[in-house]
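# Structural overview for review
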Amino acid sequence: MEALKLLNARKAVRQYNGQLTDDQLQAILTAANEGPVGMGQYDNYRLTVIQDPQVLKQMTNIYDAPTVIVVSAKNPGPMENISVGAIVHNMELAAEDQGVGANYNMAGVSSVPKDVLPAGFTGVFALTLGQTDESFTARDVAKDRIKTNVVK
Ligand SMILES: Cc1cc2nc3c(=O)[nH]c(=O)nc-3n(C[C@H](O)[C@H](O)[C@H](O)COP(=O)(O)O)c2cc1C
């Protein structure tokens, strides 16, 4: 999909009906690596792909997603939180460009079992993912959903 069309068509998808293919997952992880992070310090971040049903069962507010990708950071402060948001946004766009349902998730992060995250990293933000029946077509998004003032 063209970039601007994708930005319009993307949406929060919270209903899933199947697991991702390996190719879909790889494209999503590639997009994460293509994201910007503060000061280019990529080693301060980790991606954890959770597909183990036993682990997913311990997590809350993830809408029965078959895949959750948690982005964690070393000592997260404002710069790390923003960088993690950019990584997650890249992954959401890559997922939905392939017709995969995805949604940003903060509510489930505190329920991620600590032993699945790398030592020294704190879970910041996650993406829930799965196949979906939803289609990604043009959305009528209010142009002033975010109020704007122009200084000139
Ligand atoms: C920082 C952030 C945290 C979010 N956390 C959650 C969440 O925990 N659970 C959820 O269902 N949606 C979550 N969302 C998705 C938003 O609710 C959704 O993007 C917003 O309502 C706009 O809808 P749209 O994405 O379809 O345009 C989050 C979005 C962002 C950017």
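Just above sits the structure.
All residue numbers refer to position in the chain's written sequence, counted from 1. A pLDDT threshold of at least 70 governs which residues receive local features in this predicted model, and a stricter bar of 80 or more applies before side-chain atom pairs are shown or counted, although totals over entire chains, interfaces and linings include all residues. Here the side-chain values reflect all heavy atoms present in the structure, with hydrogen atoms and water set aside.

Once that is clear, we can look at the overall build of the protein chain. Scanning the protein chain from N- to C-terminus turns up four helices and four strands. This radius of gyration counts C-alpha atoms alone. The globule rule is 2.2 Å times how many residues there are, raised to the power 0.38. Taken against the 2.2 N^0.38 rule, which gives 15 Å for 152 residues, the C-alpha radius of gyration of the protein chain at 16 Å falls within 12% of a compact globule. Overall, the protein chain is about 50 × 40 × 25 Å in size when its C-alpha atoms are taken along their principal axes. Expressed as a percentage of the 152 residues in the protein chain, the buried residues total 43%. Taking all contacts inside the protein chain whose residues are at least 6 apart in sequence as the whole, residues at least 24 apart take part in 77%. Residue burial considers only the protein chains on display, and all accessible areas are found by Shrake-Rupley using a 1.4 Å probe. A total accessible area of about 8,700 Å² is found for the protein chain, and carbon and sulfur atoms account for 53% of it. Strands are runs of DSSP state E lasting at least two residues, helices are runs of H or I lasting at least four, and both sets are numbered from the N terminus onward. Partly exposed residues are those whose accessible area sits between 20% and 50% of the maximum for their type, while under 20% is buried and over 50% is exposed, using a 1.4 Å probe and protein chains only. Working rule for contacts: check all heavy atoms of both residues, and any pair within 4.5 Å makes them a contact.

Following both chains from N to C, one finds helix H2 (residues 22–33) and helix H4 (residues 78–97) inclined at 145 degrees, their axes separated by 8 Å at the closest point. Where H2 crosses over H4, the two elements pack in a sense that is right-handed. Taking contact as the criterion, the partners of Ala27, Ile28, Ala31 and Ala32 in H2 are, on H4, Ile87, Asn90, Met91, Ala94 and Ala95. In this count, Pro and Cys sit with the nonpolar residues alongside Ala, Val, Leu, Ile, Met, Phe, Trp and Tyr, while Asp, Glu, Lys and Arg are called charged and the others, Gly among them, polar. Per-class residue counts for the contact of H2 with H4 are eight nonpolar, one polar and no charged. Axis definition: a line fitted to C-alpha atoms, over the contacting stretch in the case of helices. Angles run 0 to 180 degrees between N-to-C directions. Helix crossings fall into two classes, left-handed where the near helix is turned counterclockwise from the far one by less than a right angle and right-handed where it is turned clockwise.

Before going further, it helps to spend a moment on H4. Here H4 is 20 residues long and its end C-alpha atoms lie 29 Å apart, about the 28 Å a rise of 1.5 Å per residue gives. Looking at H4, one finds that the buried residues are Glu80, Ser83, Val84, Ile87, Val88, Met91, Glu92, Leu93, Ala94, Ala95 and Glu96. Note on H4: the residue one or two positions beyond its end, glycine 99, has a positive phi of about 80 degrees. Each residue after the first adds 1.5 Å to the expected span of a helix.

With that out of the way, let us pick up the site of the ligand. Around the ligand, a shell composed of 13 residues is seen, among which Arg10, Ala12, Arg14, Tyr63 and Ala107 lie nearest. For the ligand, an oxygen atom lies 2.9 Å from a polar atom in the backbone of alanine 12. Nitrogen and oxygen atoms within 3.5 Å of one another constitute a polar contact, given that in protein one can donate a hydrogen and the other can accept it, and given that sequence-neighbouring residues count only through two side-chain atoms. At 3.3 Å, a side-chain N or O of arginine 145 approaches an oxygen atom of the ligand. Contact with the protein chains hides 62% of the accessible area of the ligand, taken as 630 Å² for the molecule alone. The element contributing the most residues to the shell around the ligand is strand E3 (residues 101–105), with three residues. Of the residues that constitute the shell around the ligand, the class distribution is six nonpolar, two polar and five charged. Note on definitions. A residue lies near a molecule or strand when any single heavy atom of the residue is within 4 Å of it.

Here we take up the sheet that holds E3. Backbone hydrogen bonds are what pair the strands of a sheet, in a parallel or an antiparallel way. In short, DSSP must find at least two bridges between two strands for them to pair. One open sheet accounts for four strands, arranged E1-E2-E4-E3; its pairing is antiparallel. Looking along the sheet, the strands with just one partner apiece sit at the ends: strand E1 (45–50) and E3. Strand after strand, the sheet turns through a mean of 20 degrees between neighbouring axes, direction not considered. By the bridge criterion, five bridges tie E3 to strand E4 (residues 122–130) in an arrangement that is antiparallel. Residue pairing in the sheet places tyrosine 104 in a bridge with leucine 127 of E4. Relative to E1, H2 is tilted by about 165 degrees, and along the sheet it contacts E1, strand E2 (67–73) and E4. Sheet contacts for H4: E1, E2, E3 and E4; angle to E4, the most-contacted strand, approximately 10 degrees.

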